[in-house]
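# Residue-level structural notes
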Amino acid sequence: MAPIYLIPLLISCLAAWVSLGNPQWKIDDLPKLLATLIGVACLIWFFVATPWLIKLSLIIILLILGNYSLGESLKTDE
């Protein structure tokens with residue numbers, strides 16, 4: 001992958017780490033809000049900048065993981 005694709009993904013991951021960080025921090029909610037907005041914008045930038053093959057593979061991976069997690073949550077223990 002070219003760095004042009006990895007930069008927005010890295011920024012989005014860092015922003016998610018900041019916005020979902022330790023809930024016991026005693027800081028304003030403004031940095032968490034800004035981190036969330038920056039993370040969403042960078043995730044959209046990542047998805048727009050990547051080639052269609054990477055987009056398709058990410059969508060398929062998300063569908064498989066969602067199907068697996070839904071199947072695990074609906075499984076009954078009998």
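All figures in this text were calculated on a predicted structure; none of them were measured in a lab.

Cut-offs and rules
- Residues numbered from 1 in each chain as written.
- Predicted model: local features only at pLDDT ≥ 70, side-chain atom pairs only at ≥ 80, totals over all residues.
- Heavy atoms only, no water.
- Helix = DSSP H or I, 4+ residues; strand = E, 2+ residues; numbered from the N terminus.
- Buried < 20%, exposed > 50% of the residue type's maximum accessible area, 1.4 Å probe, protein only.
- Contact = heavy atoms within 4.5 Å.
- UniProt positions renumbered as here; feature names shortened; annotations may be inferred.
- Polar contact = N/O pair within 3.5 Å; in protein donor to acceptor, adjacent residues only side chain to side chain.
- Phe/Tyr/Trp six-rings, centres within 6.5 Å; stacked < 30°, edge-to-face > 60°.
- Lys NZ or Arg CZ within 6 Å of the ring centre and 35° of its normal.
- Axes fitted to C-alpha atoms, helices over the stretch in contact; angles between N-to-C directions.
- Parallel < 35°, antiparallel > 145°, perpendicular 65-115°, else oblique.
- Left-handed = near helix turned anticlockwise from the far one by under 90°.

Helices and strands together make up the secondary structure of the protein, namely three helices and zero strands. Each helix and strand of the protein, ordered N terminal to C terminal, gives the series α-α-α. Residues classed as buried in the protein amount to 15% of the 78 residues present. A sequence separation of at least 24 residues applies to 53% of the contacts in the protein between residues at least 6 apart.

To continue, consider the UniProt feature "transmembrane region" (unreviewed entry) in the protein. As annotated by UniProt and renumbered to match this structure, "transmembrane region" (unreviewed entry) occupies residues 37-65. As annotated, residues 37-65 comprises 93% helix and 0% strand, and the C-alpha atoms at either end are separated by 25 Å.

Take the side chain of Ser19 next. For Ser19, the position within the fold is in helix H1 (residues 3-19). Of the polar contacts made by the side chain of Ser19, one reaches the backbone oxygen of Ala16; its length is 3.3 Å. Setting aside anything within four residues of it in sequence, one finds Ser19 in contact with Lys32, Ala35 and Thr36.

Attention now goes to the packing of aromatic side chains. Applying the stated criterion to the full structure yields zero aromatic pairs. Looking at Lys55, its charged tip hangs above the ring of Phe47, at a distance of 5.5 Å from the centre.

What follows concerns the packing of H1 against helix H2 (residues 30-49). Two elements in contact, H1 and H2, have axes separated by 8 Å at closest approach and are oriented at 155°. Of the possible angle classes, the one that applies to H1 and H2 is roughly antiparallel. Like other packed secondary-structure pairs, H1 and H2 cross with a definite hand, here left-handed. Counting all contacts with H1, which are made through Tyr5, Ile7, Pro8, Leu9, Ile11, Ser12, Ala15, Val18 and Ser19, the residues of H2 involved are Pro31, Lys32, Ala35, Thr36, Ile38, Gly39, Cys42, Leu43, Trp45, Phe46 and Ala49.

Let's shift gears to the side chain of Thr50. With respect to the secondary-structure elements, Thr50 resides in the loop between H2 and helix H3 (52-74). You can call Thr50 buried: its relative accessible area is 4%. A polar side-chain atom of Thr50 sits 3.3 Å from the main-chain carbonyl oxygen of Phe47.

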